[in-house]
Amino acid sequence: MKDYLVRGIVESKNCRVFACRTTNLTEDARKHHKMWPTATAAMGRMLSASLMMAQMNKNKEKMTITINGGGPIGTMMTVTNGDGNIKGFVANPEVHYTYNDTGKLAVGVAVGKQGTLQVVRDMGLKEPFVGTTPLQTGEIGDDFTYYFASSEQTPSVVSLGVLVNDTNEVLAAGGFIIQMLPDATEEDITYIEEKLKDFSPISTLIQEGNTPEEVLQNIFEDVKILDTQDIFFRCDCSKERMEQALITVGEKEIEDMIEKDQGCEISCQFCNTKYQFKEEELKKLIK
Ligand code: ZN
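Heads up: these notes are all about the structure in this document. (Residues numbered from 1 in each chain as written. Predicted model: local features only at pLDDT ≥ 70, side-chain atom pairs only at ≥ 80, totals over all residues. Heavy atoms only, no water.)

## Here we look at the coordination of the zinc ion
What counts, and what does not: We call an atom a donor if it is N, O or S and sits within 2.8 Å of the metal, or 3.2 Å for Na, K and Ca. Water is not counted, so some sites may look partial. Think of it this way: with four donors and all angles in the 85 to 135 degree range, the site is tetrahedral; with four or six donors, opposite ones beyond 155 degrees and the rest between 65 and 115, it is square planar or octahedral; otherwise it is irregular. Only DSSP runs of H or I covering at least 4 residues are called helices, and only runs of E covering at least 2 are called strands; the numbering of each starts at the N terminus. For the exposure calls, accessible area comes from a 1.4 Å probe over protein chains only, and a residue counts as buried if that area is under 20% of its type's maximum, exposed if over 50%, partly exposed in between.
With distances of 2.2 to 2.3 Å, the protein atoms coordinating the zinc ion are Cys 235 (SG), Cys 237 (SG), Cys 268 (SG) and Cys 271 (SG). Here the zinc ion binds four donor atoms, and the angle range of 103 to 112 degrees at the metal identifies the geometry as tetrahedral. Each donor residue of the zinc ion lies on the same chain, and together they follow the pattern C-x1-C-x30-C-x2-C. Of the two residues, Cys 237 sits in the loop between strand E11 (232-233) and helix H8 (239-249) while Cys 268 sits in the loop between strand E12 (263-267) and strand E13 (274-278), which places them 31 residues apart along the sequence. Judged by its relative accessible area of 19%, Cys 237 is buried.

## As for the nonpolar core
Selection criterion: Side-chain atoms within 4.5 Å are what join buried Ala, Val, Leu, Ile, Met, Phe, Trp, Tyr and Cys residues into a set we call a nonpolar core. By definition in these notes, contact holds between two residues if any of their heavy atoms fall within 4.5 Å.
Core analysis: the biggest nonpolar cluster contains 45 residues, and Met 53, Ile 67, Ile 73, Met 76, Val 111, Ile 140 and Phe 144 have the highest contact counts within it. With 11 residues, helix H2 (residues 37-54) is the largest single contributor of residues to this core. If sequence neighbours within four positions are ignored, Ile 73 has contacts with Ala 39, Ala 42, Val 90, Ala 91, Asn 92, Val 95, Ala 110 and Val 111. One finds Ala 19, Phe 176, Ile 192 and Leu 216 within the second-largest nonpolar core, a separate group that totals 20 residues.

## A word on unusual backbone geometry
For Gln 153, which is not a glycine, the phi torsion comes out positive at approximately 50 degrees. Look at Gln 153 and you get exposed, because its relative accessible area is 61%.

## Some remarks on the pairing of strand E1 (residues 4-10)
Which entries qualify depends on this criterion: Paired strands, in this sense, are two strands between which DSSP finds at least two bridges.
When you tally the buried positions in E1, you get five out of seven residues, the bulk of the element. With seven bridges joining them, E1 and strand E2 (residues 15-21) adopt antiparallel strand pairing. Among the inter-strand pairings, Arg 7 is bridged to a residue of E2, identified as Phe 18. Here E1 folds back onto E2 in antiparallel fashion, the turn holding four residues, of which Asn 14 has a positive phi close to 50 degrees. Across six bridges, E1 lies against strand E10 (residues 224-230) in antiparallel orientation. Residue pairing across strands places Tyr 4 opposite Asp 230, the latter belonging to E10.

## Digging into the environment of Phe 199
With respect to the helices, strands and loops of the structure, Phe 199 is situated in the loop between helix H5 (186-197) and helix H6 (202-207). Setting aside its immediate chain neighbours within four residues, Phe 199 contacts Phe 176, Leu 205, Val 215, Asn 218 and Ile 219.

## Examining the side chain of Thr 23
Where we set the bar: Definition of a polar contact: a pair of N or O atoms within 3.5 Å, with one able to donate and the other able to accept a hydrogen when the atoms are protein atoms, and with sequence-neighbouring residues admitted only if both atoms are side-chain atoms.
Of note, Thr 23 is situated in helix H1 (residues 23-33). Judged by its relative accessible area of 5%, Thr 23 falls in the buried class. Among the polar contacts made by the side chain of Thr 23, one reaches the main-chain amide nitrogen of Ala 173 at a distance of 3.1 Å. Discounting chain neighbours no more than four positions away, the residues touching Thr 23 are Asp 3, Val 170, Leu 171, Ala 172, Ala 173 and Ile 206.

## Structural notes on the pattern of salt bridges
Any two side chains of opposite charge can pair, given that their charged atoms come close. Rules: Any Lys or Arg side-chain nitrogen located within 4 Å of an Asp or Glu carboxyl oxygen qualifies as a salt bridge.
Taken as a whole, this structure holds 14 salt bridges when the rule is applied. Ionic pairing is found between Glu 194 and Lys 197, a salt bridge with its closest N-O pair at 3.0 Å. Here the residue Glu 194 and the residue Lys 197 both occupy positions in helix H5, the gap between them amounting to three residues, near one helical turn. Here Lys 197 falls in the exposed class, since its relative accessible area comes to 59%.

## Some details on the layout of surface pockets
The cut-off we apply is this: Residues are said to line a cavity or pocket when one of their atoms sits within 4 Å of a point; the points come from a 1 Å grid over protein atoms alone, cavities being sets where a 1.4 Å probe fits but cannot get out and pockets being open sets with protein on both sides within 12 Å along at least five of seven lines. Grid points are joined across faces, edges and corners, and a volume is the space filled by probe spheres set on the points. Residue polarity follows a fixed list, in which Ala, Val, Leu, Ile, Met, Phe, Trp, Tyr, Cys and Pro are nonpolar, Asp, Glu, Lys and Arg are charged, and the others, Gly among them, are polar.
Here the largest pocket defines a volume of roughly 600 Å³. Together, 27 residues line the largest pocket, and Arg 45, Lys 104, Leu 160, Pro 201 and Ser 203 are the ones closest to its centre. Looking at the lining of the largest pocket, the elements with two or more residues in it are H2, strand E8 (156-164) and H6. Per-element accounting of the lining of the largest pocket gives the leading share, eight residues, to E8. In terms of residue class, the lining of the largest pocket is built from 15 nonpolar, nine polar and three charged.

## Details of the sheet that holds strand E9 (residues 170-180)
Note the following rule: Think of each axis as a best-fit line through the C-alpha atoms, taken over the contacting stretch in the case of a helix, with angles from 0 to 180 degrees between the N-to-C directions.
Here five strands make up an open sheet; going across it, the order is E8-E9-E2-E1-E10 and the pairing antiparallel. At either margin of the open sheet sits one strand with a lone partner, and together these are E8 and E10. With strand direction ignored, the average angle separating the axes of adjacent strands in the sheet is 10 degrees. Across the face of the sheet, helix H4 (residues 141-151) comes into contact with E8 and E9 while running at roughly 160 degrees to E8.

This is the structure:
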């Protein structure tokens, strides 16, 4: 089954809704970055939330989200521009914690909560839009919920999940977001709260084979799907881009690389692809 995302509206309950299945792309991210289970869960949740958030932008601008909670995982980052492609990384992929009582992956422990969630939207204007809110639990879903409430004044429900098997592969990943529209009433909110009380975890629903549409239909009988988009973990790096990065390092540094190592290897932060530069190539860059 392929990964995709849906955007919809529930007129009777005055809310807009998003849901996605990100099993394959989270597994791709895990393989690229060789992540351990808790790091995979943290990144997978962030990838789902970022992809759904990108669908909220009408202009498909570039959106960069950074989470740093001071935990062992370090900085986490995703970049997407609403075209279905996303890239991302965690500073320390070799992180694995579980909660003693439930055995569940302890994402909040890995991420930490002494820090912020930052969203940068580059709309091609002089100054990008920057929204920053303090982390709540480091579990990612709660942190996005707080971001929407505080930075965008939009009451929202954010549910994200990743299920990993004993050999650390991703079994299921996905999420949904419900956002109340300005006309929402107390009854609409109560309806949603009641529906979600005994709701299965999103990762379970995905694992059981529910599509993003079906996940939403389990909550709302009359959800109207407006858009569907295929989604991928896909990086836009290239040797040319790496050359540009090298040029900004400066002439002196490049000369050092030539002298000491007769070349260099740089890897893309977002997808771990390695690029080799030979001595002659570095010499050309200096010119
Ligand atoms: Zn890359």
